[in-house]
Amino acid sequence: MAAAFAYRWLLCAAGIVNVLPIGGQRHTASDNPSTYNIGGVLSNSDSEEHFRITIAHLNFDQQYVPRKVTYYDKTIRMDKNPIKTVFNVCDKLIEKRVYAVVVSHEQTSGDLSPAAVSYTTGFYSIPVIGISSRDAAFSDKNIHVSFLRTVPPYYHQADVWLEMLSHFLYTKVIIIHSSDTDGRAILGRFQTTSQTYYDDVDVRATVELIVEFEPKLESFTEHLIDMKTAQSRVYLVYASTEDAQVIFRDAGEYNMTGEGHVWIVTEQALHANNTPDGVLGLQLEHAHSDKGHIRDSVYVLASAIKEMISNETIAEAPKDCGDSAVNWESGKRLFQYLKTRNITGETGQVAFDDNGDRIYAGYDVINIREHQKQHVVGKFSYDSLKAKMRMRINDSEIIWGGKQRRKPEGIMIPTHLKVLTIEEKPFVYVRRMGDDEFRCEPDERPCPLFNASDATTNEYCCRGYCIDLLIELSKRINFTYDLALSPDGQFGHYILRNNTGTMTLRKEWTGLIGELVNERADMIVAPLTINPERAEYIEFSKPFKYQGITILEKKPSRSSTLVSFLQPFSNTLWILVMVSVHVVALVLYLLDRFSPFGRFKLSHSDSNEEKALNLSSAVWFAWGVLLNSGIGEGTPRSFSARVLGMVWAGFAMIIVASYTANLAAFLVLERPKTKLSGINDARLRNTMENLTCATVKGSSVDMYFRRQVELSNMYRTMESNNYVTAEQAIQDVKKGKLMAFIWDSSRLEYEASKDCELVTAGELFGRSGYGIGLQKGSPWTDAVTLAILEFHESGFMEKLDKQWIFHGHVQQNCELFEKTPNTLGLKNMAGVFILVGVGIAGGVGLIIIEVIYKKHQVKKQKRLDIARHAADKWRGTIEKRKTIRASLAMQRQYNVGLMASHAPGTISLAVDKRRYPRLGQRLGPERAWPGDAADVLRIRRPYDLTKSGQLGLGKTRPQQNPLPPRYSPGYTSDVSHLVV
């Protein structure tokens, strides 16, 4: 592979093949023509001769001409008749197969003939290189498809204008141009280049007034009247020589060419025969050097063909003008190669832009002196080290209008300004005038509001921090003013819009900033935050007040809940106290229970042993000590238990004292804290939190959030909540609809000092300052800045702060409110009363439960007593039965003994029957057992009554059928039916 590459390289060195870039096609020497005809349509014989000599010398320059390649010249004379020029090009150039054409013409003959050459050759895609045509029309590639030129168009002088303005630090200009193509082209070039390449410059030239006139002027007076009312005194003029004479004539009559006026003109206007002294103009270097441009164009063409030969195949040029179907692709490709050339020629650095126009062209800066003498005071030339154009001007050699050596300010400083402001408390208070009012109060200033929708003006009066500052400022730097309110009530933000005819975006401002940018106002005196976006389009003075961004929120309401009395201790501590009470009670009970000294007799008391401490009494004792209530009974008796009781009393004293102190702090001296810790609070960054925050749409705070990448999530969340005005947002914070309002610290601190229910949260962020806004390049900027610095040093700004922002007495009232203890009310102590009510309800409920329980216990005890009594009686009956049986047995034995010793029917038996007649009755089967219960009861009643003595002392009732003794074996009570 290496051998093959070496062999190919040898062939290339021998001229047999060409080395192509990687990815290109392989070409041999036979693929491309060896001879190339270069056509020339030139204005005179000298140019034709120089063209031939240049081609001849080119063939010997190996740097531009490969081996076996030869160039030949084919020239014709430029005819003033464009039709003849077209025929000559077809018959004498295209018929000769020219690969490119070099064109020049007399400046007085116009551009019709060069245009005819461009049309004709362009139809066949044959490149044309112009060396004298400078009209803007040749830059249109839709018409002149293959036209290049080694001279720049006239409208490229706008680039030199901008460099000169940057050098002289002129920021506001008036452009005067003709209404033809070139005049409008130079205006467009100036505006586009200024916005594109000078965005980063602090002071950028802006166009205050555009004066467009029809060519072939007769009078310029009307336009001069408008120019005199403008601030700028720097005039940029594009006009023909004839029109420039009229402009300079009329300007001299209006004394606008003397001291303080700056005129910068293009090449054509510079040649007017009445150009005023002090005028600065431009002159293209080598503008009339046809020979230099011919040489540069030929070498540019040779450079492009050489590169094209090495890269691709070049087809032969078209030959027949009658063949309209010819499409020479190689000509199109050659034109592209020509546009990429960048060589150093006799006319300087030769390069082209996308339109085929010459760039890096050098200019001389000309200063007109007496008697129309032109003096070069600077150059605009190519810097090869930096590879860009550079402006060099010797200011000391310039003689300005009115023969002044000192550079004019370039602007007329107006002494009557239109000042705008906006309602923003405490900086600007706005009051609408009543129907019967004709003037404002002494401390107020009229500030009408112009309504653009219906073209009406509403009368208002303004006062405040900024109004006092404006009054003092006007006195210090000596200007008068008309004050008005912002038309749309906003500070202003930008809207991105597409530029007409281009793909670029431009910023369109609204509000106060828009009025200043569009030059409908001269100054803004309001709490206008200085930020990069605004500083790009307007001027700012030094800050008259430094501030930042903070957060306004409503103070949390005091925590006066039903359990406010529980706040001194945490939930954990309350639980530990509750547990400690019962643990100590249990230990007291155990110590007193098992201590050998827990029971003893008092020497002076009765003989009953004192009861030991039970568990219920121990719990009562522990609670009594903790709550500092009297303990009447149930105290510990043992020494060990009493030691624990003393320790518990000490614990209770500390707990109660701590609770009392903290309760006072929570309910009386507690100050609510802010909900947010600042901009870094996680709740603001977390989009899932139900926390609403907002700012004002299009404000400086809104721009700040847009710039900060780390706040992008927060900004997307709050963007939908943003308000139109700060006043609406502050009212919603007071009502609780908005939780956090992010705005300038000065305004929010003022609101917090005025309303004790509002508070600012966290530290300041996004620190900046309020400045006075002025137009870009305003002559008042330095004067206003110096005045504000003096105000700071003299204490005037501090005086305004105390008077309007801090409101000393209001702030002191808030501080007094913060330090004053609160008066406790039912709202604070409602929980305690509810606790007492719960205790009462609980006691009533417990007593009801006790009564019900006691009744149940009594009924149960009665049943048990009845059962116990029945059981006792049953046991007694059993014993009696046993006794009766024993007595009967003894009686029988006794009776048997009597019967044995006496006869039957003895007296004793008769007496017994008489005395106890019922003993002789026979008993039925159901009364087989003597002593039936019913009979016994009937018989015992009189006996019991007699025994109980109910008849009175000393009185007896006759005993009829008296019962036998209770121990009689024949009568025993039957209680079997009572046994349960």
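As shown above, the structure is provided for reference.
It should be emphasised that the depicted structure is a prediction, and the values quoted were computed from it without experimental measurement.

Chemist: Would you explain helix α12 (residues 465-477) in this entry?
Modeler: The periodicity of an α-helix, 3.6 residues per turn, causes residues three or four places apart in sequence to face the same way. With 13 residues, α12 extends 18 Å between its outermost C-alpha atoms, agreeing within 8% with the 18 Å of an ideal straight helix rising 1.5 Å per residue. Across the 13 residues that make up α12, a large majority, 10, are buried. For α12, every residue scored as buried is listed here: Tyr 465, Cys 466, Ile 467, Asp 468, Leu 469, Leu 470, Ile 471, Leu 473, Ser 474 and Ile 477.

Chemist: Where do I start with the environment of Phe 651 in this structure?
Modeler: Locating Phe 651 in the fold gives a position in helix α17 (residues 639-667). Residues Phe 651 and Val 625, 26 residues apart in the sequence, show an inter-C-alpha distance of 9.5 Å.

Chemist: What am I meant to see in the side chain of Ser 486 here?
Modeler: Summarising the element assignment, Ser 486 is placed in the loop between β23 (480-485) and β24 (494-498). The exposure class of Ser 486 is buried, given its relative accessible area of 3%. At 3.1 Å, the side chain of Ser 486 and the side chain of Asp 488 are in polar contact. Reaching out from Ser 486, the side chain makes a polar contact with the backbone oxygen of Gln 490 at a distance of 3.1 Å. With sequence-adjacent residues up to four places away left out, Ser 486 is seen in contact with Thr 421, Ile 422, Leu 449, Gly 511 and Leu 512.

Chemist: Sorry if this is basic, but what is going on with a nonpolar patch on the surface here?
Modeler: On the surface, Ile 575, Val 579, Val 583 and Val 587 cluster together to form a nonpolar patch covering roughly 320 Å² of accessible area. Tracing the backbone through its elements, the reader meets Val 583 in helix α15 (residues 571-594). Residue class for Val 583 comes out partly exposed when judged on its relative accessible area of 45%.

Chemist: How should the pattern of salt bridges be read in this particular structure?
Modeler: Should the charged atoms of two oppositely charged side chains come close, the side chains can pair. Taken as a whole and judged by the stated rule, the model has 33 salt bridges. Here Arg 149 ties to Asp 357 by a salt bridge, and the two come within 2.8 Å at their closest N and O atoms. Here Arg 149, found in strand β5 (residues 147-149), pairs with Asp 357, found in the loop between β12 (348-352) and β13 (358-359); they are 208 residues apart in sequence, far enough to count as distant. The two residues Arg 149 and Asp 357 agree in class, both being buried. Glu 307 is the salt-bridge partner of Arg 341, the closest N and O atoms lying 2.4 Å from each other. Taken as a pair, Arg 341 in the loop between α11 (329-339) and β11 (342-345) and Glu 307 in helix α10 (residues 290-311) lie far apart in primary sequence, 34 residues in all. Residues joined in a network through salt bridges with shared partners are Glu 424, Lys 425, Glu 727, Arg 747, Glu 751 and Lys 754.

What counts, and where the lines are drawn
- Residues numbered from 1 in each chain as written.
- Predicted model: local features only at pLDDT ≥ 70, side-chain atom pairs only at ≥ 80, totals over all residues.
- Heavy atoms only, no water.
- Helix = DSSP H or I, 4+ residues; strand = E, 2+ residues; numbered from the N terminus.
- Expected span 1.5 Å × (residues − 1).
- Buried < 20%, exposed > 50% of the residue type's maximum accessible area, 1.4 Å probe, protein only.
- Polar contact = N/O pair within 3.5 Å; in protein donor to acceptor, adjacent residues only side chain to side chain.
- Contact = heavy atoms within 4.5 Å.
- Patch = residues over 30% accessible without salt bridge, like charges linked within 9 Å, V, L, I, M, F, W, Y side chains within 5 Å.
- Areas by Shrake-Rupley, 256 points an atom, 1.4 Å probe, with all protein chains shown as cover.
- Salt bridge = Lys/Arg side-chain N within 4 Å of Asp/Glu carboxyl O.

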